[in-house]
Amino acid sequence: AVVSTQSTGSTKGAEKIPYFVHKKTEADTTDDLLMIAGLYDKCKLNNEETTLYSASVITVGASKSISWLHHRMPALLETESEIQQWLHTGMLKSKETLPLLVPRLCIDLYPVSKVVNSVATNGPSCLRKAEPPKKRKVNTLEKFFNKKQKTESENKEHPESSKEGELEVDEIKTEDL
């Protein structure tokens, strides 16, 4: 499971809402593991005795189901066959493995409490569903400035994924404006 956050507005200091991302199941359970494609390596630097281990999670563009939350997502492996293909010892062949690295719809998510933001908190309370942020109407002037600010920000951070369109703003505290 992964916890990701979404800002509740485009202003500086906007509140971030954490979300629990998990494998979509028919029953309302979250105990199935997400299988994520990754790479690892180990080596000894400068003939030292200590071994250096490193790992990377492979990401892909977000699926439509979570693109509103983040523009990237882990490359998920859904079937036992895909997992075995990925874990096959030896050299990965791009012709066989690249088709595995696509956005998947096998995930679900829901907002959780902000207790997940504390390293001191660990347990079931981190996974309890929280109330989603309330939407509010945005006046025309605010919509104009939010859209302009969002577009400029996306162009700087993610030039390949900048899109203009309808803007819906979550509830923003007056002290954040």
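First things first, this report covers the structure right here in the doc. (Residues numbered from 1 in each chain as written. Predicted model: local features only at pLDDT ≥ 70, side-chain atom pairs only at ≥ 80, totals over all residues. Heavy atoms only, no water.)

Before going further, it helps to spend a moment on the pattern of salt bridges. For the coordinates displayed, the defined rule picks out 2 salt bridges. The partner of Arg104 in a salt bridge is Glu78, with the nearest N and O atoms 2.8 Å apart. Here Arg104, found in the loop between helix H2 (94-97) and strand E7 (107-111), pairs with Glu78, found in the loop between strand E6 (72-74) and helix H1 (80-87); they are 26 residues apart in sequence, far enough to count as distant. Arg104 is paired through a salt bridge with Glu82; the nearest N and O atoms lie 3.2 Å apart. (Salt bridge = Lys/Arg side-chain N within 4 Å of Asp/Glu carboxyl O. Helix = DSSP H or I, 4+ residues; strand = E, 2+ residues; numbered from the N terminus.)

On the surface, a cluster of nonpolar side chains totalling about 350 Å² of accessible area is made up of Leu141, Phe144 and Phe145. By the element assignment, Phe145 lies in helix H3 (residues 140-157). (Patch = residues over 30% accessible without salt bridge, like charges linked within 9 Å, V, L, I, M, F, W, Y side chains within 5 Å. Areas by Shrake-Rupley, 256 points an atom, 1.4 Å probe, with all protein chains shown as cover.)

In this section: the environment of Thr51. Secondary-structure assignment places Thr51 in strand E4 (residues 51-57). Setting aside residues up to four positions removed in sequence, Thr51 forms contacts with Lys42, Cys43 and Lys44. (Contact = heavy atoms within 4.5 Å.)

This part takes up the side chain of Glu82. Examined against the element boundaries, Glu82 turns out to sit in helix H1. Glu82 has contacts with Leu77, Leu100 and Arg104, leaving out every residue within four places of it along the chain.

Next up on the list: the nonpolar core. With 20 residues, the main nonpolar core has Ile66, Met73, Leu76, Leu77, Trp86, Ile107 and Leu109 as its most contacted residues. Sorting the residues of this core by element identifies strand E2 (16-23), H1 and E7 as the ones contributing at least two each. In terms of residue count, E2 provides more of this core than any other element does, 3 residues in total. Not counting the four nearest positions on each side in its chain, Met73 is found in contact with Ile58, Thr59, Val60, Gly61, Ala62, Ser63, Ile66, Pro103, Arg104 and Ile107. (Core = buried A, V, L, I, M, F, W, Y, C linked by side-chain atoms within 4.5 Å. Buried < 20%, exposed > 50% of the residue type's maximum accessible area, 1.4 Å probe, protein only.)

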